[in-house]
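Here is what each chain is made of, one letter per residue.
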Amino acid sequence: MSAQTTQDSTDRHGHRFDEGRRWEASLDLGFRHDGQATRLYRVDHRGPLRVQRPFYPEGRDGTCHVYLLHPPGGLVSGDILDIQARVGAGARALLTTPAANKLYRADRNAVAWSQRTRLVVEEGGLLEWLPQETIAFDGSRGVQATEIELSGSARCLGWEVLALGRPASDLPFASGHLEQRFRLSRDGRPLWIERQPLDPDHRRFHGAWGQRGCSVQATLWAVGLEDESAAIERLRQGLGQGGNDLAGSPGAGEAERWAVTVRDGVLLLRYLGYSRREAWSLCEAAWTLLRPMLMDREACVPRIWFT
């Protein structure tokens, strides 16, 4: 596109957005319980963002599993991805993705991409937000924002796993700028608000008090647990800090790379390390332990994770 037809704008964090060549994709999902099962009753989409048909691996009276499909497989300069999901009263939905999301290197004009996820869960509803990991290539620039709005006794469990660079290919995240934003509220009251800039040129990125130069991080949250203290103890026991390691999960040797706490009714498990596999295994193992406490059902692993 010629310079005459391109209009750039810059946000307050220095990210440039090209108004003239945006490729926007959006998806708006609605779930409701019809008295017998949770139904996916609304699918509005624009651009390359789709869903597969709903699955019911736990039975028709169980959780509705839906896979989000983004055929391009990642975001480049100028892309805008907008995902919204509303889980109605008494409904139960699990959303995941078939593959990792990739955040590619910005173009020579340093134009940013943008990804926004808004999740709404109504009274008595339950949402599991379990996307596969995000891989940020060196030089990527953009903002990921996740908003979760709960009403009444709504429950939610989710995670975000982020890998910076591609160390196996000797391509670390040495330039660029990412920003992650989280906001979780219940009945309009904020419970968890966080903004995390990731800039390799900032001292926080390498400082012992910040990122410590780690290339992988993960955050898992759970809201609606009846006994949060018991949940923390179960995680510490099951994930290795108490002695009995869950099969396939990180053991006691990795315990220093993760921690768990509760603030304002939000259980937060954090990982900071160097292995995508380790971070994913930790989150999956924690989900396996927490799900029976959150919804009185054992974990039902989406089959797409095995493909």
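Residues numbered from 1 in each chain as written. Predicted model: local features only at pLDDT ≥ 70, side-chain atom pairs only at ≥ 80, totals over all residues. Heavy atoms only, no water.

### Here we look at the layout of surface pockets
- There is about 310 Å³ of room inside the largest pocket.
- As for the largest pocket, its lining consists of 20 residues, of which Leu68, His70, Thr97, Ala99 and Asn101 are closest to the centre.
- Here the residues of the lining of the largest pocket sort into 10 nonpolar, nine polar and one charged. (1 Å grid on protein atoms, 1.4 Å probe; cavity = no way out; pocket = protein on both sides within 12 Å on 5 of 7 lines; lining within 4 Å. Points joined across faces, edges and corners; volume = space filled by probe spheres on them. Nonpolar A, V, L, I, M, F, W, Y, C, P; charged D, E, K, R; others polar.)

### Comments concerning empty space enclosed by the protein
- This structure, assessed with the given rule, holds two cavities of 30 Å³ or more.
- Lining the largest cavity are Gln115, Thr117, Gln144, Ala145, Thr146, Glu160, Gln180, Arg181 and Phe182.
- Sorting the residues of the lining of the largest cavity by element identifies strand E11 (113–121), strand E14 (141–150) and strand E16 (177–186) as the ones contributing at least two each.
- When the residues that make up the lining of the largest cavity are grouped by side-chain class, the tally is two nonpolar, five polar and two charged.
- Forming the walls of the second largest cavity are Trp23, Ala25, Pro48, His70, Pro72, Leu75, Asp79, Ile80 and Leu81.
- Contributing elements (two or more residues each) for the lining of the second largest cavity: strand E3 (23–33) and strand E8 (79–87).
- Considering every element that reaches the lining of the second largest cavity, the biggest residue donor is E8, with three residues.
- Within the lining of the second largest cavity, the residues separate by chemical class into seven nonpolar, one polar and one charged. (Helix = DSSP H or I, 4+ residues; strand = E, 2+ residues; numbered from the N terminus.)

### Quick word on the sheet that holds E14
- With mixed pairing, seven strands are arranged side by side in an open sheet as E4-E3-E8-E11-E14-E16-E17. Pairing within the sheet leaves two strands with one partner each, and these edge strands are strand E4 (38–46) and strand E17 (189–198). Taken pair by pair, the neighbouring strands of this sheet meet at an average axis angle of 5°, ignoring direction.
- Judged from the eight bridges that link them, E3 and E4 form a sheet pairing that is antiparallel. Pairing of Ser26 across the sheet is with Arg46, part of E4. (Pairing = 2+ DSSP bridges. Axes fitted to C-alpha atoms, helices over the stretch in contact; angles between N-to-C directions.)

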